[in-house]
Amino acid sequence: MSENSEKFLNKTDVIVVGGGPAGISCAVTIARAGKKVVLIERGKFCGSKNVFGGAIYAEPVREIFPNFETNAPLERKNTEHRYAILGEEDATTVSYRNNDSNPVSYSVIRAKFDRWMADEAKKEGVIIVTETVVRELILEKERVIGVRTELENYYSDIVVLADGVNSLLAKQAGVRGEIDPHDVAVSVKEVLKLDNAKINERFNIGDKDGCIYEIFGGPMLNMLGLGFIYTNQNSISIGLGITMNELIKHKLRPYALLDKLKEHPAIAPLIKDAELTEYSAHLIPEGGYKKIPTLYASGVMVCGDAAMLVNNLHWEGTNLAMISGKLAGETAVIAVNKNDFSAKTLSKYQQSLEKSFVMKDMKTYKDLMGTMAMKNEQFLGYYPKKINSFFKMFTAVNCIPKRTMFRGFIKSVFKERGIFGLFSDGLSILKLLWSILR
Ligand SMILES: Cc1cc2nc3c(=O)[nH]c(=O)nc-3n(C[C@H](O)[C@H](O)[C@H](O)COP(=O)(O)OP(=O)(O)OC[C@H]3O[C@@H](n4cnc5c(N)ncnc54)[C@H](O)[C@@H]3O)c2cc1C
């Protein structure tokens, strides 16, 4: 077949690469507007290769699938949030419970949830091609006009890149460079099978309720990394993510750190006798606002993880992926209606993102990663340790007068950090708060 007849036969309005939350949300938005859209996914089915903690956030999901709570495969509604600061052997935990009938998030298994979203999108007209890897973009006069897979070429007016954190295609489109080890976290996760009743008892939650742990310190002490636990119906997801740069610097292997986390006295009883059923590793974009690539060029847009849209402090990624996918989809529809696929028309996507909470939140935390990278030994090392030693002192009952103990504790902080160190830490916090709130 000549390239021209191939172009004619295999041509569609929009091609979306990647069947994660960003790609599916984008494709279904386009199909709902009556345009032809093909979604290409390399996995056996959408979700088969996707890894996360994880919680999906109800309100953003409702924006795309309004009735998902009645028929999507949800595990538990997250009612309990715990923030655990681990010392070597001890831990301080703050917890917040909210039994609101409209939960903020649900725990899900991505292999089931993404597959469900893809099936819904298919019902609304999205053509889904699975087990197909997009190898490269096809360009004509610097405009993206299609994609090359192992077997055939697909042509379209617009290609949306929703191919996740590694997006080699965004690099080929010239909108993004190489990934810097400072800008990604390596995460490892295990799914541990545990009886439903034991989960309820150990986490002190109801049958359908879920508990999320955000974990600081422990094996990640002094490093830019966080751990997590999510409860599913009959399993627990446990994992951690640490910036690649830290792992290289300290010559550490993430799964050795996860083993240590599982052995910590505050964590081990939660997962006792649970059976390992799944193990996975994945990258998380951590670069923040300052590392967001160019989001569009002639004939192409980038969304979700491929566009570095992750709010790491809040463990938010799927929501930013879905809303960015939706906005890219809406822009694609405008471009198809105008028959204009220029960068100028597609820049509407960037404008819509800027107006939405997605870019506003990314901007709010623009200085977070820089401050944490500079001060990680203090904010993710020294102070978490000190919080635990404060509570050790506060709960101690011995024959030392309390005032002597308090004074001893304060003296130790001044001695260990020094006046200049404390001043510099305080200033960093104030600067960060100023950059967040102004
Ligand atoms: C350990 C971990 C914990 C997390 N926890 C949470 C959480 O609790 N809540 C939350 O909201 N977010 C969480 N995130 C972030 C969240 O998972 C991502 O932000 C979200 O999945 C991004 O969606 P996406 O559609 O952009 O990319 P992905 O979900 O990565 O989807 C990309 C898709 O593209 C496909 N693909 C890639 N390349 C090609 C190609 N060349 N051809 C065809 N297909 C291709 C992949 O197979 C995949 O299906 C977590 C991430 C990790 C790693």
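Not measured: the values here are computed from a predicted model.

Peer 1: Could you clarify how one ought to interpret the environment of Tyr383 in this entry?
Peer 2: Position of Tyr383 among the secondary structure elements: in helix α14 (residues 368–395). A C-alpha to C-alpha distance of 9.7 Å links Tyr383 and Gly217, two positions 166 residues apart in sequence. Contact partners of Tyr383, with chain neighbours within four places excluded, come to Gln378, Arg417, Leu422 and Asp425.

Peer 1: Explain the site of the ligand to me, please; I cannot follow it from the model alone.
Peer 2: In the neighbourhood of the ligand, 36 residues make up the surrounding shell, with Glu41, Ala55, Arg110, Asp305 and Thr318 lying closest. Here an oxygen atom of the ligand and a side-chain polar atom of Arg42 are 2.9 Å apart. Interatomic distance of 2.7 Å between a side-chain N/O atom of Arg110 and an oxygen atom of the ligand. Sorting the residues of the shell around the ligand by element identifies α2 (21–32), β3 (55–57), β13 (225–231), β15 (275–285) and α11 (318–338) as the ones contributing at least two each. No other element matches the three residues that β15 contributes to the shell around the ligand. Classifying every residue of the shell around the ligand by side-chain character gives 18 nonpolar, 13 polar and five charged. Both domain 1 (3–73 + 108–177 + 293–364) and domain 2 (182–285) contribute no fewer than three residues apiece to the shell around the ligand.

Peer 1: I'm lost on the nonpolar core in this one. Help?
Peer 2: The nonpolar side chains of a soluble globular protein tend to be buried with one another. In terms of nonpolar packing, the biggest core is built from 74 residues, with Phe68 and Ile158 touching the most fellow members. Among the elements that line this core, the one with the most residues is α11, at 10 residues. In contact with Ile158, not counting residues within four places along its chain, are Asp13, Val14, Ile15, Gly299, Met301, Ala332, Ala335, Val336, Phe341 and Leu346. Counting 30 residues, the second largest nonpolar core, distinct from the first, contains Val165, Val188, Ile199 and Phe203.

Peer 1: Looking at this structure, I do not really get the side chain of Asn388. What am I missing?
Peer 2: Its location among the elements puts Asn388 in helix α14. Among the polar contacts listed, one links the side chain of Asn388 to the backbone oxygen of Ile85, at a separation of 3.2 Å.

Peer 1: Mind showing me how you'd approach the domain arrangement of the protein chain here?
Peer 2: The accessible area lost on association of the parts is a frequent measure of interface size. Per the domain assignment, the segments making up the protein chain are domain 1 (3–73 + 108–177 + 293–364), domain 2 (182–285) and domain 3 (368–437). Inter-centroid distance (C-alpha atoms) of domain 2 to domain 3 is 26 Å. Contacts between the two partners involve eight residues from domain 2 and, on the opposite side, 10 residues from domain 3. Across the interface of domain 2 and domain 3, roughly 720 Å² is buried in total on both sides, 65% from carbon and sulfur atoms.

Peer 1: Would you explain the pattern of salt bridges in this entry?
Peer 2: Side-chain pairs of opposite charge can arise whenever the charged atoms involved come near each other. A full pass over the atoms with the stated rule returns 24 salt bridges. Two residues, Arg143 and Asp157, come together in a salt bridge whose shortest N-O distance is 3.9 Å. Of this pair, Arg143 sits in strand β9 (residues 143–149) while Asp157 sits in strand β10 (residues 153–161), placing them 14 residues apart in sequence. Where Lys291 meets Asp183, a salt bridge forms, and the shortest distance between an N and an O atom there is 3.0 Å. Taken together, the positions of Lys291 in the loop between β15 and β16 (296–297) and Asp183 in the loop between α6 (168–172) and β11 (184–193) put the pair 108 residues apart, joining distant regions of the chain. Using a relative accessible area of 38% as the deciding quantity, one classes Lys291 as partly exposed. Look at the salt bridges and you will find they share partners, linking Lys11, Arg143 and Asp157 into a network.

Peer 1: Would you take a moment to explain unusual backbone geometry for this structure?
Peer 2: A negative phi angle characterises most non-glycine residues, just as the trans form characterises most peptide bonds. Following Gly53, the chain continues into Gly54 via a peptide bond in cis, with omega recorded as 10 degrees. Residue position: Gly54 is located in the loop between β2 (37–40) and β3. One non-glycine residue, Glu131, adopts positive backbone phi at about 50 degrees. Tracing the sequence through the fold places Glu131 in the loop between β7 (127–129) and β8 (134–140). Phi angles above zero are rare outside glycine, and Lys141 is one such case at about 50 degrees. On the secondary structure map, Lys141 appears in the loop between β8 and β9.

Reading the values: rules and limits
- Residues numbered from 1 in each chain as written.
- Predicted model: local features only at pLDDT ≥ 70, side-chain atom pairs only at ≥ 80, totals over all residues.
- Heavy atoms only, no water.
- Helix = DSSP H or I, 4+ residues; strand = E, 2+ residues; numbered from the N terminus.
- Contact = heavy atoms within 4.5 Å.
- Near = heavy atom within 4 Å.
- Polar contact = N/O pair within 3.5 Å; in protein donor to acceptor, adjacent residues only side chain to side chain.
- Nonpolar A, V, L, I, M, F, W, Y, C, P; charged D, E, K, R; others polar.
- Domains from an automatic or database assignment.
- Core = buried A, V, L, I, M, F, W, Y, C linked by side-chain atoms within 4.5 Å.
- Buried < 20%, exposed > 50% of the residue type's maximum accessible area, 1.4 Å probe, protein only.
- Buried area = accessible area lost by both parts, 1.4 Å probe.
- Salt bridge = Lys/Arg side-chain N within 4 Å of Asp/Glu carboxyl O.

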